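Each chain is listed here by its residues.
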Amino acid sequence: MADCREWATPGGRTGDLRGEAKGAPGMGRWTEQVRCPISSLIVTNMAETGSITGSIVVLVSGCGTNLQALIDATADPAYGVRIAAVGADRDDIEGLNRARRAGIPTFVCRVADFTTRADWDAALASQVAAYRPQLVVLAGFMKLTGEAFLRQFGGRSVNTHPALSPSFPGVHGPKEALDYGVKVTGCTLFVVDAGVDTGPIVAQSAVSVHADDTVETLHERIKTVERQMLVDYVGRMVRDGFSVTERKVTIS
Ligand code: GAR
C-alpha cells in the first residue's frame, strides 16, 4: 500500500510543474503557460439534461482521502453524483484501492508509457472522455494537465489545493505556508486552467496555523476541511450546474 502521507511532505514533484516560480514566496509567477479560455462558460444542471444523477471522473495520485470522502457521499442517492471512474497517473496507490473496494472502474495513465508529455495528456483526456463525465475532479492528482485535456475538459474540471490561492501554488502548499509564517492558511477548490493552481476559485476554507504545527499536522488539519469543501461543492456543481464568467464562478 502506498504511504498515505506521501503528499503531506515535501516530495520533489516539481518536475510535474510547467515553468518556474518567480517573485515572492507564495505568489509565484509561472512561465510558459498555455492559455485556455474558460470565461463565459455555462455547465447545465442534471435536471436540464434529464438525468437523475450526474457522473464524475476522479483523478488521483496518492492516498485518496478526498476521493474516499466523495465515495462516501455518493452512497446517498440524494447527493446526486455517481463516480463513473477513478483514474491515476501511477499504479500501487491507495487511491486506486479505495476505488476498487467501492466497485468503481479504474484506469492508469502513466507519463512514462508515452514518448511525449503531450501524448500522455491526449491519452489521459481520451480515457477520461470514455466515461462521459459531467465534471472531472482532480483530487490529489499531482500532474499538470495539458492542452488536449483542457480542450476537452477546460471549464468542467476542478482541482483541490491545500493553500489559500493565490498564495503558495504548486505541490508544497502546507510547507510553504508554514515556512512563510502565515497564521491562517487553508484550501482552495478551483476550475482547472493552464496555470499551476491559478484557475477561477469555486470555494475556499480557512485553517489556523498552530505554533507547534509540522507540515504533516498542518496538512492533515487542512485535509479535514478540504474533504468537506470538496464534497459540498462538487455535489452542488453537479446537481445545480455552474457558470464561469471571467474569474467569477457562480453555482446556479
Ligand atoms: C490534498 O491535500 C490535495 O489538496 C493535495 O494533495 C492532497 C491529496 O490528499 N494536492 C495538491 O497539493 C495539488 N497541488 P489525498 O490523496 O488524501 O486526497
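Residues numbered from 1 in each chain as written. Predicted model: local features only at pLDDT ≥ 70, side-chain atom pairs only at ≥ 80, totals over all residues. Heavy atoms only, no water.

1. Focus: unusual backbone geometry
A cis geometry characterises the amide bond from Ser-165 onward to Pro-166, with omega recorded as 10°. Position of Pro-166 relative to the elements: it lies in the loop between strand S6 (157–161) and helix H6 (173–180). Even without a glycine there, the phi angle at Asp-92 is positive, about 55°. Position of Asp-92 relative to the elements: it lies in the loop between strand S3 (81–88) and helix H3 (94–101). Phi angles above zero are rare outside glycine, and Phe-168 is one such case at about 55°. Topologically, Phe-168 is positioned in the loop between S6 and H6. Assessed through its relative accessible area of 4%, Phe-168 is described here as buried. (Helix = DSSP H or I, 4+ residues; strand = E, 2+ residues; numbered from the N terminus. Buried < 20%, exposed > 50% of the residue type's maximum accessible area, 1.4 Å probe, protein only.)

2. Topic: the confidence of the model for the protein
A residue-level look at the protein finds 79% of positions with pLDDT of 70 or above and a mean pLDDT of 85. Contacts from residues 1–37, a stretch scored under 50 in pLDDT, to residues over four places away or in other chains number 85 contacts. (pLDDT = per-residue confidence, 0-100. Contact = heavy atoms within 4.5 Å.)

3. Description of the pattern of salt bridges
Pairing is possible between side chains that carry opposite charge, provided their charged atoms lie close to one another. Per the stated rule, a full pass over the model turns up six salt bridges. Of the charged contacts, one joins Asp-89 and Lys-143 as a salt bridge, the two residues approaching to 2.8 Å between their closest N and O atoms. Highlighted residues: Asp-89 in the loop between S3 and H3 and Lys-143 in the loop between strand S5 (135–138) and helix H5 (147–153), separated in sequence by 54 residues. Accessibility expressed as a relative area gives 5% for Asp-89, which makes it buried. Residue Lys-143 is classed as buried on the basis of its relative accessible area, which comes to 12%. A salt bridge links Arg-101 to Glu-94; the shortest N-O distance between them is 2.7 Å. The class for Glu-94 is buried, based on a relative accessible area of 6%. (Salt bridge = Lys/Arg side-chain N within 4 Å of Asp/Glu carboxyl O.)

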